Amino acid sequence: MTLLKTHKPNRRSFLRGTLAGATVGVGVPFLNLFLNDQGSALASGAPMPLRFGTWFWGLGHTPGRGMRALDGSDYEFIDECTSLEPYKKEYINYFSGFNTPLDGAASAVHYTGWVAGKTGSVPQGFGMIPAPTLDTIIADKIGNQSRFKSLELSSTGNPIDSYSYRSVGNHNAAEVSPLNFYLRLFGPEFRDPADKDFKPDPRVMLRQSVLSAVEEDRKRLVQTVGYDDKVRLDQYFTSVRELEQQLEVSLSAPPAMEACHKPEQPEEGPLGYEVEAVNDTHDAMAQILALALACDQTRVFNMMYCQAASELRVKGTTFTHHILSHEEPPDDHLGYQVQTAWFNERSFEALSRMLDTFSNIREGDGTLLDNMLIFAQTDTSDAKTHSVIGIPSLTIGKAGGRVKTGMHVKGSASPQSRIGLTLMQIMDVPVAEWGTRSLRTSNPIAEILA
């Protein structure tokens, strides 16, 4: 006997079944079925693991001070990017000259560029997220076998500074405190891979099969609802299934991984947009993240150094990086905005330090960087003009040998969505085309594929 068998389902209905001799129930998500006729009453709602990450910096490069093209596909980092030089040949590809066709839409400054790069679609205004960001798509593919499907981190002290979305209302907020990040990862629930006394939690075992126990009610419910609710139910049950997979992971003894150990608990320091605090937070986060990856606590991460329209500033000053990019006059002798360039240099020094941390984690005959792929992205090619043409980006890492490195890839005004499509295919996402309108592409960047 079930509620759904004899009654029209309502907001309080449960899918019911039997598990281990006990009755269990699974709540029903909020469906159109429960709205009034106007729809206005309530809103709806074995090898080494391969990792994927994003790293974001705001305001692009000072024009002409990031990279210089050399013969063929070779290039060199110059001026504000020279701190990356040790990693250029073995781990980094540089992408330039890709376009963001707007198809008649107005460019939302400091917004359209990164949204188009992460979703393959141009937003119709601020606050619009036209499609899931590619990190969530990749996390759906590779993130279910670890404790955390993905981890979002920001160095700015503001949890809103995260560019990971499944939709407008489904935002993955960032962790901003190194101490809280440490406690989340290595607190009481952390299981040491070297612990021989691992025992599954029986409460977890009981929860594991709840969804399958209510399968008959699930099928019956799907037959009673319209198309939109079928889609919503499919999304809901997929989320429950992913939870089961996460629980299954927690029932298994963690693999012994060479570099995995529990780090020392960090001390809480100041948070905020002052460069000194941002650098301290970024470095502490990177160190904890490296061990989280080494311990297979997660396989997907998003790290933000500073947001688009960067609000970074020097302690004791009021002009932010963003304000300076517009109001600072070029130096008469040097020909560029000296203070603005200073902030850009700090960004890439921070990225270089993160790569130092990752490269110090040994994995087999390589390092963590050999088994990951990082997409380094920004919001504009020129902060002063807000241009979304030729937005620079990088890939960092070998992705388990799937990627060639040390290359400069010239976009020749082709859509920047080609980069996102390539990243997803490298991460085994079964997608042949990606993006919408002029960003729609089925043309991955074959020259970087090993």
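J.: Quick one: what's the story with the sheet that holds strand 3 (residues 51-56), residue by residue and with numbers?
T.: Reading across from one edge, 7-10-3-13-14-6-15 is the order of the seven strands in this open sheet, with mixed pairing throughout. What marks the edges here is a single partner per strand, and that holds for strand 7 (151-154) and strand 15 (408-410). This sheet shows a mean twist of 15° between the axes of neighbouring strands, independent of strand direction. Relative to strand 10 (residues 300-304), strand 3 runs parallel, the two sharing five bridges. What sits directly across from Trp55, in strand 10, is Met303. Sitting on the sheet, helix 12 (residues 338-359) touches strand 3, strand 6 (92-96), strand 10, strand 13 (372-377) and strand 14 (393-396), and the angle it makes with strand 13 is about 175°. Along the sheet, helix 13 (residues 417-426) makes contact with strand 3, strand 6, strand 13 and strand 14, crossing strand 13 at roughly 165°.

J.: I'd like a rundown of the packing of aromatic side chains, residues and numbers included.
T.: If you walk through the whole model with that rule in mind, you get 17 aromatic pairs. Each ring, one from Tyr75 and one from Tyr94, has its centre 5.9 Å from the other, and the planes form 40°; the classification is tilted. Of this pair, Tyr75 sits in strand 5 (residues 75-77) while Tyr94 sits in strand 6, and the two are 19 residues apart along the sequence. The burial state of Tyr75 is the same as that of Tyr94; both residues are buried. Here Lys88 stacks its cationic end above the ring of Tyr75, 4.9 Å away from the centre of that ring.

J.: Before we move on, could you go through the pairing of strand 14 and cite the residues and values that matter?
T.: In regular strands, side chains alternate between the two faces of the sheet. Where burial is concerned, the two faces of strand 14 agree: the one with Ser393 and Thr395 and the one with Leu394 and Ile396 are both buried. As judged from the four bridges shared by strand 6 and strand 14, these two strands associate in the antiparallel manner. Across the sheet, residue Ile92 finds its bridge partner in strand 14, namely Ile396. As paired elements, strand 13 and strand 14 share three bridges and run antiparallel to each other. Note that in strand 14 the partner of Ile374 across the bridge is Ile396.

J.: Could you give an account of the confidence of the model for the protein chain, with specific residues and numbers?
T.: With 79% of its residues at a pLDDT of at least 70, the protein chain reaches an overall mean of 85. Taken as a whole, residues 38-45 scores under 50 in pLDDT and shows eight contacts with residues more than four places along the chain or in a different chain.

J.: Explain helix 3 (residues 112-119) to me, and be specific about the residues and the numbers.
T.: Counting buried positions over the eight residues of helix 3 gives eight, a clear majority of the element. Of the residues one or two after helix 3, Gly120 is the one with positive phi, at around 75°.

J.: I'd like a rundown of the side chain of Ser177, residues and numbers included.
T.: Structurally, Ser177 can be placed in the loop between strand 9 (170-171) and helix 5 (178-186). Note on Ser177: relative accessible area 2%, which makes it buried. Sequence-distant contacts of Ser177, that is, excluding residues within four places in its chain, are made with Glu268, Leu271 and Met285.

J.: How would you summarise the pairing of strand 10 if you had to cite specific residues and measurements?
T.: Among the five residues that make up strand 10, five are buried, leaving the element largely enclosed by the rest of the structure. Where burial is concerned, the two faces of strand 10 agree: the one with Val300, Asn302 and Met304 and the one with Phe301 and Met303 are both buried. Pairing of strand 7 with strand 10, which is carried by four bridges, proceeds in the parallel orientation. The residue of strand 10 that forms the bridge with Glu152 is Asn302.

J.: With reference to specific residues and values, describe the environment of Lys262.
T.: Inspection of the secondary structure assignment puts Lys262 in the loop between helix 9 (227-251) and helix 10 (275-294). Put simply, Lys262 and Tyr182 are 80 residues apart on the chain and 9.5 Å apart in space, counted from C-alpha to C-alpha.

Rules of the game
- Residues numbered from 1 in each chain as written.
- Predicted model: local features only at pLDDT ≥ 70, side-chain atom pairs only at ≥ 80, totals over all residues.
- Heavy atoms only, no water.
- Pairing = 2+ DSSP bridges.
- Helix = DSSP H or I, 4+ residues; strand = E, 2+ residues; numbered from the N terminus.
- Axes fitted to C-alpha atoms, helices over the stretch in contact; angles between N-to-C directions.
- Contact = heavy atoms within 4.5 Å.
- Phe/Tyr/Trp six-rings, centres within 6.5 Å; stacked < 30°, edge-to-face > 60°.
- Buried < 20%, exposed > 50% of the residue type's maximum accessible area, 1.4 Å probe, protein only.
- Lys NZ or Arg CZ within 6 Å of the ring centre and 35° of its normal.
- pLDDT = per-residue confidence, 0-100.

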